[in-house]
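# A look at the structure
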Amino acid sequence: QQQVKQSPQSLIVQKGGIPIINCAYENTAFDYFPWYQQFPGKGPALLIAIRPDVSEKKEGRFTISFNKSAKQFSLHIMDSQPGDSATYFCAAREITSGSRLTFGEGTQLTVNP
Amino acid sequence: SAVISQKPSRDICQRGTSLTIQCQVDSQVTMMFWYRQQPGQSLTLIATANQGSEATYESGFVIDKFPISRPNLTFSTLTVSNMSPEDSSIYLCSVRNYEQYFGPGTRLTVT
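The text that follows walks through the structure, step by step, so that each part is easy to find. In this text the structure is predicted, and so the values were computed from the model without any measurement. (Residues numbered from 1 in each chain as written. Chains lettered and ligands numbered in written order. Predicted model: local features only at pLDDT ≥ 70, side-chain atom pairs only at ≥ 80, totals over all residues. Heavy atoms only, no water.)

A word on the pairing of strand S8 (residues 75–80) of chain B. Residue and element names in this part refer to chain B. Most of S8 sits out of view: 6 of its 6 residues are buried. Here S8 shows a buried face lined by Phe75, Thr77 and Thr79 and a second buried face lined by Ser76, Leu78 and Val80. In terms of strand pairing, strand S3 (residues 19–25) meets S8 through 6 bridges, oriented antiparallel. In the strand pairing of S8, Thr20 is matched with Thr79. Across 3 bridges, strand S7 (residues 68–72) lies against S8 in antiparallel orientation. (Buried < 20%, exposed > 50% of the residue type's maximum accessible area, 1.4 Å probe, protein only. Helix = DSSP H or I, 4+ residues; strand = E, 2+ residues; numbered from the N terminus. Pairing = 2+ DSSP bridges.)

This is the structure in structure tokens:
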């Protein structure tokens, strides 16, 4: 059972655009929502994370928006660059299961020059 | 953040053999995990490696197929036993104190 739904599956933007990746969840026990960036042949790298008591978090060009009532969160990449081309995964952690992370299906982002 | 290394980085193995993947962290961590990632797919948790006790396996994964050791707070191994082509995948070590980090992965091809 997929507990974190991620969309879109793929996304193409022009340099300078603002790609937005969305995730939705059902499990209200989730209390931690990280995003990972993965380049081909590499392991996923932690990009940014948010807790449900915060509606927005910014780190550099990356912003997470969180809507607790709608059980949705999204990643925005400001002034996107070709070097941002990668696969992005959202994830969520369950309180009761300790540290188990549930991942979304991933979004393959391409930023054209 | 933790620095995680995995050995080997890749391997090609014959059907029916076993491969042990090592994961080394540069600092003590509370929790260690093993994931599998099929090409173009998301990450699937295989098990949580518990120090000094048996690993906790997720549904669909069993100890006989994926034995795991964790002798201390910085090291763990995952063995893929009696391999078949369906085991071809990327295997990732992951660690957590608070934030969770991933190693570079081991790309396994079974022929």
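That covers the picture; the talk isn't over yet.
A few words now on the state of the cysteines. One way to say it: the disulfide is the covalent bond shared by the sulfur atoms of two cysteines. Scanning the model with the defined rule gives 2 disulfides over all chains in all. Disulfide pairing places Cys23 of chain A opposite Cys90 of chain A at an S-S distance of 1.9 Å. With the S-S dihedral at roughly -100 degrees, the linkage between Cys23 of chain A and Cys90 of chain A falls on the left-handed side. Taken together, the positions of Cys23 of chain A in strand S3 (residues 20–25) and Cys90 of chain A in strand S9 (residues 86–94) put the pair 67 residues apart, joining distant regions of the chain. Neither residue differs from the other here; Cys23 of chain A and Cys90 of chain A are each classed as buried. Disulfide pairing places Cys23 of chain B opposite Cys93 of chain B at an S-S distance of 1.9 Å. One quick way to see it: the torsion about the S-S bond of Cys23 of chain B and Cys93 of chain B is about -65 degrees, and its sign makes the bridge left-handed. With Cys23 of chain B in strand S3 and Cys93 of chain B in strand S9 (residues 89–96), the pair connects residues that are 70 residues apart, well separated along the chain. (Disulfide = S-S within 2.5 Å.)

None of the figures reported here should be taken as evidence of function without further support.
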